[in-house]
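The residues making up each chain are set out below.
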Number of protein chains: 2
Amino acid sequence: MISEKTISRLSLYHYLLTTLKEQEIEFVFSRQLANMANSTPAQVRRDLMVTGYEGNPKRGYTINELIVAIEEFMGLKEGVDMVLVGVGSLGRALLSYFYPQKPRYNIVAAFDKGSNSDRVVSGCRVYDIAELAPVLAGQRVTMGIVAVPAGAAQQVTTMLCEAGIHGILNFAPIRVKVPRNVYLENVDLAVTIEKIAWFANRAAGKKE
Amino acid sequence: MISEKTISRLSLYHYLLTTLKEQEIEFVFSRQLANMANSTPAQVRRDLMVTGYEGNPKRGYTINELIVAIEEFMGLKEGVDMVLVGVGSLGRALLSYFYPQKPRYNIVAAFDKGSNSDRVVSGCRVYDIAELAPVLAGQRVTMGIVAVPAGAAQQVTTMLCEAGIHGILNFAPIRVKVPRNVYLENVDLAVTIEKIAWFANRAAGKKE
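Note that the structure is a prediction, hence the values are computed from the model and not measured.

Undergrad: Sorry, what's going on with the sheet that holds strand 5 (residues 119-121) of chain A here?
TA: Strand pairing in a sheet relies on backbone hydrogen bonds. The paired strands run either parallel or antiparallel. Residue and element names in this part refer to chain A. One open sheet holds the seven strands; their spatial order is 5-6-4-3-7-8-9, and the pairing between them is mixed. The sheet terminates laterally at strand 5 and strand 9 (183-186), the two strands that pair on one side only. Averaged over all pairs of adjacent strands, the angle between their axes in this sheet comes to 25 degrees, without regard to strand direction. Sheet topology places strand 5 next to strand 6 (residues 124-128); three bridges connect them, and they run antiparallel. Pairing of Val121 across the sheet is with Cys124, part of strand 6. Its contacts with the sheet put helix 5 (residues 89-98) on strand 3 (80-85), strand 4 (105-112), strand 5, strand 6 and strand 7 (143-146), and the angle it makes with strand 4 is roughly 155 degrees. The sheet strands contacting helix 7 (residues 150-162) are strand 3, strand 7 and strand 8 (167-170), and the helix crosses strand 7 at an angle near 170 degrees.

Undergrad: Please explain the packing of aromatic side chains as it appears in this structure.
TA: Any pair of aromatic rings gets described here by the distance separating the centres and the angle formed by the planes. For the structure shown, the criterion picks out 12 aromatic pairs over all chains. With a centroid separation of 5.0 Å and an interplanar angle of 55 degrees, the aromatic rings of Tyr97(B) and Phe98(B) are classed as tilted. By relative accessible area, which is 11% here, Tyr97(B) ends up buried. We classify Phe98(B) as buried; its relative accessible area is 5%. Summarising the aromatic geometry, the rings of Phe98(B) and Tyr105(B) are spaced 6.1 Å apart at their centres and angled 80 degrees between planes, so their arrangement reads as edge-to-face. The same class applies to Phe98(B) as to Tyr105(B), namely buried. Three or more aromatic residues joined by ring pairs make a cluster, and in this case those are Tyr97(A), Phe98(A) and Tyr105(A). Over the face of the ring belonging to Phe29(A) we find Arg31(A), whose NZ or CZ atom lies 4.9 Å from the ring centre.

Undergrad: Can you walk me through unusual backbone geometry in this structure?
TA: Leaving glycine out, the prevailing phi sign among residues is negative, and the prevailing peptide bond configuration is trans. Positive phi is not limited to glycine here, since Glu24(A) has a value of about 60 degrees. Positive phi, close to 50 degrees, is recorded for Ser122(B), a residue that is not glycine. Positionally, Ser122(B) belongs in the loop between strand 5 (119-121) and strand 6 (124-128).

Undergrad: Teacher, can you tell me more about the pattern of salt bridges here?
TA: If the charged atoms of two oppositely charged side chains come close together, the side chains can form a pair. Residue and element names in this part refer to chain B. Going through the model one piece at a time under the given rule, you end up with 11 salt bridges over all chains. Ionic pairing is found between Asp112 and Arg119, a salt bridge with its closest N-O pair at 3.2 Å. Given the relative accessible area of 17%, Asp112 is considered buried.

Rules used throughout
- Residues numbered from 1 in each chain as written.
- Chains lettered and ligands numbered in written order.
- Predicted model: local features only at pLDDT ≥ 70, side-chain atom pairs only at ≥ 80, totals over all residues.
- Heavy atoms only, no water.
- Pairing = 2+ DSSP bridges.
- Helix = DSSP H or I, 4+ residues; strand = E, 2+ residues; numbered from the N terminus.
- Axes fitted to C-alpha atoms, helices over the stretch in contact; angles between N-to-C directions.
- Contact = heavy atoms within 4.5 Å.
- Phe/Tyr/Trp six-rings, centres within 6.5 Å; stacked < 30°, edge-to-face > 60°.
- Buried < 20%, exposed > 50% of the residue type's maximum accessible area, 1.4 Å probe, protein only.
- Lys NZ or Arg CZ within 6 Å of the ring centre and 35° of its normal.
- Salt bridge = Lys/Arg side-chain N within 4 Å of Asp/Glu carboxyl O.

Structure follows, in structure tokens:
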């Protein structure tokens, strides 16, 4: 059984390895990766073991091969296909962020209330929300992003789950409920910002 | 001592109350707020007690007054002023998201490497990173957003802390270190997406 934390760390190592590759570095030791990831060499080696790829004690890991091993293990070779629901200010920001700069993360279709079928935002087709099930039926997408207002988030989440989505990234500032076989992560930017502001203001005030 | 979780919940109640106010609802009971926030009425009442504002047992809380009480307690009355470092694809998406749609969160200045002084993105002035300390010296900003590549994140974070910033929202996919009196939150979208994709693919595969 592989934990969420292991998966998160593998994803981080993958990112770090691609930045090293961009600098035309060929080999890396576990202690170097550990240093970049604020981890320990033993942890890095244990995590990478799940991919089945082994480093060479003298040269370390061959970066190119390790990247491929992580991608194969995580099923990321062809990138991640996602659908987005909600094309308001956040949805538009996400579309402009993921397209075309992030080819590894593909928003294959977007959905919005009252959208007509030839609306395109940042290169992505925006369908009416009523077309969610038929559009998804023809795709092998397993992940959905919820970027609608709080009041619509539960309904949209339920629609995604019923249409066969098994992973939800919820940006709506409300806790939604999902079936047991669906994986859910919440990212609430407003709450995060207000929390940071509160602690920052207190810390700044204390010093004055 | 008020916990991070209490602050997060107050921020969520504030958001929920503003959505109720938009629907021209005047009063709300703790059990209604609890239902919206996936919490319990006792938890809601305990959280709101820190603001010093009390509801009426018959009508519940007066929404307008409770909003003001939370804003006063959290120091949000004039919104949150922030600076942004890094105006790549993520930074631009954040600028377009926060301006002008979110007047409560103001990015008062942005900084980027090699930016000339008359660059403006989504209505926000973008200074060269070298101007960080002088620009911040004239502002009462306590919070900074880091949206630079991993390789630059620690340096930028250190610059922000030295310029008097006490809260950091780090989007760079790397763990940065901050002094003890600085509050740090990490949001790593790529790692979050890859983690969700992993679990979603496994859940989808199991069903087939």
